[in-house]
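# Fold and geometry: a report
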2 protein chains.
Amino acid sequence: MTLQEHIEQLNALDLRMSSLTYMEALFGWDSMTLASKKGLEQRGLVIGNISELHFTTLINDEIKATLDFLMDNKEMLDDITYAKANLYYKEFNRIAKIPKEEYGAYRSLITKSNHAWEEAREKDDFSIFAPFLKEVIGYLKKFIEYRGYEGHPYNTLLDDYEPGLSVEECDIFFSNLREKIVPLVQKISQCDPVDNSFTSLSYDVDKQAEYTDYIAEAICFDKEAGCIAESAHPFTMNLSRGDVRFTTKYHENDILSAVSSTIHETGHALYEQNINEEFGVSALTTGVSMGIHESQSRIYENNFGRSLSFWKKHYPKLQEMYPEQLGSIDVETFQKSMNTVKPSLIRIEADEVTYPLHIMVRYEMEKLIMSEDIDVMELPKLWNDKYQEYLGIRPTSDKDGILQDVHWSEGLIGYFPSYALGSAYAAQFEHYMRKDLDVDALLEEGQMEPILNWLSDKIHQFGSAKEPAQIIQNATGQAFDATYFTDYLKAKYSAIYNL
Amino acid sequence: MTLQEHIEQLNALDLRMSSLTYMEALFGWDSMTLASKKGLEQRGLVIGNISELHFTTLINDEIKATLDFLMDNKEMLDDITYAKANLYYKEFNRIAKIPKEEYGAYRSLITKSNHAWEEAREKDDFSIFAPFLKEVIGYLKKFIEYRGYEGHPYNTLLDDYEPGLSVEECDIFFSNLREKIVPLVQKISQCDPVDNSFTSLSYDVDKQAEYTDYIAEAICFDKEAGCIAESAHPFTMNLSRGDVRFTTKYHENDILSAVSSTIHETGHALYEQNINEEFGVSALTTGVSMGIHESQSRIYENNFGRSLSFWKKHYPKLQEMYPEQLGSIDVETFQKSMNTVKPSLIRIEADEVTYPLHIMVRYEMEKLIMSEDIDVMELPKLWNDKYQEYLGIRPTSDKDGILQDVHWSEGLIGYFPSYALGSAYAAQFEHYMRKDLDVDALLEEGQMEPILNWLSDKIHQFGSAKEPAQIIQNATGQAFDATYFTDYLKAKYSAIYNL
């Protein structure tokens, strides 16, 4: 086969694989929003079948020959072709060692596990979910053995979500954060507690939906290229660049939750909606890593969406919709209520400063799960102990504890650390964005296009065609440096709390 | 290969094919309810890819050998295995002659055509849809040439939806109906017109949704094995026996439309929800033909859902929900309003007596389209002329004319005749059900389970494991006889109109 023929084979593979990924995304969306429990068993069979197709499409001698040939001749490839070849080469080597029947069975398990988690959470009964979690962990450990690992077995999973990330780096990253954040939290704790009681008055949920729809559009979510729905745990799902969906969860007695989670998910969605259109149906048409993805959701949620400038523009409308609840609350008070630092139980409702501590709990649990043969029934207590230790509060129910996150039910172990990394990337991006744009003026005027354009130009457009380190270098002119994050937190909260 | 190995191969094929069908159903559901227009092109590529998979999974030498072997040895197969083998053997021979690239391109076209139809309908502009319709027709004609046909080329399409149906039979069937129905309609037209104005008062649509949800459950729709949504044109989609979904369209100024379409779609859904569970993920787990399917939707919509007995039970609740609109309307008047015979433009809102005339228009148009090289831009006029001729009224817009049905945009030509056939089957089923059950007493008491059980026992459970003729023979002890339908219409409307 000639080089050109190998390249054509790669492109055909990319379309077939991306079509299967599209289907899996659609199943994922549907499973989380609409699917019937009575149809679960059949759905599991069907999903197992797609996974098998996914496997056999990639893992065969013909594809192996093409990928090997292209990687051996990478100097002859253009950047885009190289990015694709590299991506499939890595994926090939990641899964070739897993027997396809086991992988199919695992995918089927995930659907059931996800429903079990939903039920367990609803009934606040971890034991419903436990046997599924145990099975999921069993599969992941077996897969790591098949795949091999360097250093800690958990490294293999970390690398899946954030290429290059390791337990050693995480240990340094988290201890660094702890060192800077704990004193900051302590200082803030000495301040008078903020009276946030107005945020938990009764807020009509239909109006919340109307407002969050408004806010998503205000920050440039393209409603003709996606939609918004509701689910137990907010998430974003990209079927294609032109069909990016996310969900929100409305709580009657919490106006901040739906607003901030909507801004967060919109950040994810904007990334997916603004990838280079020319990539087409391709594995390049999606965010490159969980960390970079989370940097986009967090920069909108925290850096912009909790700033005074942003709310000067958007608060009057909210106030108008809830005159009884917010009529006497000024924008400074509202913004301060969005930036209250207070240890709490639910990760997705945590403030920006204590948030990394929630991640640290999960990171340490996962590291343990992956290195020891722990009884899953012991996990809730361990979870609660760690919350007590790091956040000073103890969950009184598993619903508000270990059952709060969907991730483990979907086999997403190794994913959480990227959330904290995302916030750190976001701080670095914002720092450099401010060299090019008057961010505060734009936020205050509701001019979100220049901000989106900056992010699209520096980050979004590349999709998965550049690796995380390249993206950061390209956008900021330097390598990742976590001190931007700690500097940002210190400056922002010193101002809010007059430290 | 041994017989047992061929049977295992057949079962593996069945699971793979049914998984692809499941995915296509999910895409269909999603395309009609949620998908973004900007993602249409990518979606088209993905659907083309699934179709190609569908094609290559079935059409290959190995499968051909297995199907040929099993059909050559059918006397050695149990009924279920034979039914599966026969079904795939027919499908193999139906599509083996179509080049797979053309079929894939056709499936991609259908997605776009469907969106074009939606837009054309919204803008009341047939020219938006015309080029797509022309292309769809072109493909279907080419496919018929590939597949071959006996007698009229349209026969090949009729047989797809109702095995064994031909133009000759249809011509006899429709001329028979016309002979009996036209005089009936004329007689009714001599009666005083019914004052139905109360049905087009303003009916809050949220309450309509609440009521139609109630009615669907009242007639035994299992909400844990499916869901209800909204779309431009109501339809039912079965992903699996445990996940059967349907849609309704609410019109503020028409209380009857959503109610009767909900009962209709529930009839379809009940068929799918009550197929033998043991069939699993299989091509047997779906209704056997469009005609039998339509008999189940129509028996609920018309035979039960427009009867006085049924409304004696369910009208009080509706009256209670709309006291201003219905407070002074008694159940007899309400039931009569549901059975008003009056020629109208919209098929899905037509009464039971003129309904077959709507089908006749479509039947004659399709027969013509399939036999002549007609300019698609002439179709709207032809449509309008036929409405004038058979129903005595002329559409003033294409939206209320040729653009009203989704079918042609999805390539469903040959489908419509089964609607009329369905009503005729329904009358025959009801006639025999009344020998076993006191149907009126059950309806009046709201006891819908015995009715569902009769239908499940005689029809639903078999899924596609028996052919339509077998189902009818099995359920009624005789072959299909259209006079049950004309007798039923005559008796029912003589009573309502005191003829």
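The notes below deal with the structure included here. None of the values given here were measured: they were computed from a predicted structure. (Residues numbered from 1 in each chain as written. Chains lettered and ligands numbered in written order. Predicted model: local features only at pLDDT ≥ 70, side-chain atom pairs only at ≥ 80, totals over all residues. Heavy atoms only, no water.)

It is worth spelling out the pattern of salt bridges at this point. Under the defined criterion, the tally for this structure stands at 48 salt bridges over all chains. When the shortest N-O distance is used, the salt bridge between Lys123 of chain A and Glu119 of chain A registers 2.7 Å. Of this pair, Lys123 of chain A and Glu119 of chain A both sit in helix H5 (residues 100-123), separated by 4 residues, roughly a single helical turn. Judged by relative accessible area, Lys123 of chain A falls into the exposed class, the value being 51%. The residue Arg434 of chain A makes a salt bridge to Asp440 of chain A at a minimum N-O spacing of 3.0 Å. Its relative accessible area of 30% is what places Asp440 of chain A among the partly exposed residues. One salt-bridge network, in which partners are shared between bridges, spans Asp30 and Arg43 of chain A together with Asp243 and Arg245 of chain B. (Salt bridge = Lys/Arg side-chain N within 4 Å of Asp/Glu carboxyl O. Helix = DSSP H or I, 4+ residues; strand = E, 2+ residues; numbered from the N terminus. Buried < 20%, exposed > 50% of the residue type's maximum accessible area, 1.4 Å probe, protein only.)

By a simple turn and slide, chain B fits onto chain A: the slide is 0.0 Å along the axis, the RMSD is 0.0 Å, and the turn is 180°. In symmetry terms, the pair is related by a two-fold rotation axis. Identified as the residue of chain B closest to the rotation axis by C-alpha distance is Met23 of chain B, at 3.7 Å. Comparing contact sets, 100% of the residues at the interface of chain B also lie at the interface in chain A, consistent with an isologous, same-surface contact. (Least-squares fit on C-alpha atoms with pLDDT ≥ 70 in both. Contact = heavy atoms within 4.5 Å.)

To continue, consider a negative patch on the surface. Together, Asp204, Asp206 and Glu252 of chain A together with Asp204, Asp206 and Glu252 of chain B make up a region of like negative charge exposed at the surface. By secondary structure assignment, the location of Asp204 of chain B is in the loop between helix H8 (167-189) and helix H9 (205-218). The exposure class assigned to Asp204 of chain B is partly exposed, which follows from its relative accessible area of 37%. (Patch = residues over 30% accessible without salt bridge, like charges linked within 9 Å, V, L, I, M, F, W, Y side chains within 5 Å. Areas by Shrake-Rupley, 256 points an atom, 1.4 Å probe, with all protein chains shown as cover. Lys, Arg positive; Asp, Glu negative; His and termini not counted. Charge placed at Lys NZ, Arg CZ, Asp CG, Glu CD.)

With that out of the way, let us pick up the interface of chain B and chain A. Note: interface size is frequently given as the accessible area lost on complex formation between the parts. Facing 35 residues of chain B, the contacting portion of chain A comprises 35 residues. Between chain B and chain A lies a buried interface of about 2,900 Å² when both sides are counted; carbon and sulfur atoms form 63% of it. For the pair chain B and chain A, the interface holds 4 salt bridges. Residue Asp222 of chain A is joined to Lys38 of chain B by a salt bridge in which the shortest nitrogen-to-oxygen separation is 2.5 Å. The interface formed by chain B and chain A includes 14 residue pairs in polar contact (both at pLDDT 80 or more). Listed by contribution, the elements that provide at least two residues to the side of chain B that touches chain A are helix H1 (3-33), helix H2 (40-58), strand S1 (226-230), strand S2 (236-240) and strand S3 (243-248) of chain B. Here the element with the most residues in the side of chain B that touches chain A is H1 of chain B; it accounts for 10 residues. Here the residues of the side of chain B that touches chain A are counted per class, giving 17 nonpolar, 8 polar and 10 charged. (Buried area = accessible area lost by both parts, 1.4 Å probe. Polar contact = N/O pair within 3.5 Å; in protein donor to acceptor, adjacent residues only side chain to side chain. Nonpolar A, V, L, I, M, F, W, Y, C, P; charged D, E, K, R; others polar.)

Time to look at the sheet that holds S3 of chain B. Residue and element names in this part refer to chain B. With respect to topology, 3 strands assemble into an open sheet ordered S1-S3-S2, the strand pairing being mixed. Of all the strands in the sheet, just S1 and S2 have a single pairing partner and so form its edges. The average undirected angle you get between the axes of adjacent strands in this sheet is 20°. Here S2 pairs with S3 via 4 bridges, running antiparallel. Counted as the bridge partner of Met237 is Arg245 from S3. (Pairing = 2+ DSSP bridges. Axes fitted to C-alpha atoms, helices over the stretch in contact; angles between N-to-C directions.)

What follows concerns the environment of Pro316 of chain B. Residues and elements named next belong to chain B. Assignment of secondary structure puts Pro316 in helix H12 (residues 308-321). With a relative accessible area of 41%, Pro316 lands in the partly exposed category. Through-space distance from the C-alpha of Pro316 to that of Val376 is 48 Å; in sequence the pair is 60 residues apart.

With that settled, the discussion passes to helix H20 (residues 468-476) of chain A. Residues and elements named next belong to chain A. Along H20, the positions that sit buried rather than exposed are Pro468, Ile471, Ile472, Ala475 and Thr476. Seen end-on, H20 carries its buried residues on one side only, within an arc spanning 95°. The inward-facing, buried residues of H20 abut helix H11 (290-304), helix H17 (417-436) and helix H19 (449-458). The first or second residue beyond H20 is Gly477, which carries a positive phi of 75°. (Arc of directions from axis to C-beta.)

On inspection of all chains with the given rule, the structure shows 56 aromatic pairs over all chains. Note on Phe173 of chain A and Phe174 of chain A: the rings are 5.5 Å apart at their centroids and 75° apart in plane angle, and the pair reads as edge-to-face. Plain terms: the ring middles of Tyr300 of chain B and Phe304 of chain B are 5.3 Å apart, the flat faces sit at 80° to each other, and that makes the pair edge-to-face. On the criterion of helical spacing, the pair formed by Tyr300 of chain B and Phe304 of chain B is a turn pair, its members being 4 residues apart in helix H11 (residues 290-304). The exposure class assigned to Phe304 of chain B is buried, which follows from its relative accessible area of 0%. Grouping aromatic residues by their ring pairs yields a cluster made of Tyr161, Tyr355, Trp383, Tyr387, Trp408, Tyr415, Phe416 and Tyr419 of chain A. Across the ring face of Tyr214 of chain A, the terminal group of Lys317 of chain A is positioned such that the distance to the ring centre comes to 4.7 Å. Here the guanidinium or amino end of Arg298 of chain B rests over the ring plane of Tyr355 of chain B, the centre of that ring lying 3.8 Å away. (Phe/Tyr/Trp six-rings, centres within 6.5 Å; stacked < 30°, edge-to-face > 60°. Lys NZ or Arg CZ within 6 Å of the ring centre and 35° of its normal.)

Time to look at the packing of helix H8 (residues 167-189) of chain A against helix H15 (residues 355-371) of chain A. Residues and elements named next belong to chain A. Contact geometry for H8 and H15: axes closest at 11 Å, N-to-C directions at 150°. Like other packed secondary-structure pairs, H8 and H15 cross with a definite hand, here left-handed. Where H8 approaches H15, its residues Val167, Cys170, Asp171, Phe174, Leu177, Arg178 and Ile181 are matched on the opposing element by Pro356, Ile359, Met360, Tyr363, Glu364 and Lys367. In the contact of H8 with H15, the residues fall into 9 nonpolar, no polar and 4 charged. (Left-handed = near helix turned anticlockwise from the far one by under 90°.)

What follows concerns the environment of Met448 of chain A. Residues and elements named next belong to chain A. Tracing the backbone shows Met448 in the loop between helix H18 (439-445) and H19. Judged by relative accessible area, Met448 falls into the buried class, the value being 0%. A C-alpha to C-alpha distance of 5.6 Å links Met448 and Ile219, two positions 229 residues apart in sequence. Apart from the residues within four sequence positions on either side, Met448 is in contact with Ala218, Ile219, Cys220, Tyr300, Phe310 and Leu443.

The subject of this paragraph is the sheet that holds strand S1 (residues 226-230) of chain A. Residue and element names in this part refer to chain A. Strand order in the open sheet formed by 3 strands is S1-S3-S2, with mixed pairing between adjacent strands. Either end of the sheet is taken by a strand with one partner, and the two such strands are S1 and strand S2 (236-240). Each adjacent strand pair in this sheet contributes to an overall mean axis angle of 20°, direction not counted. Here 5 bridges tie S1 to strand S3 (residues 243-248), and the two strands are oriented parallel to one another. By the bridge assignment, Ile228 is partnered in S3 with Phe246. Along the sheet, helix H10 (residues 255-273) makes contact with S1, S2 and S3, crossing S3 at roughly 165°.

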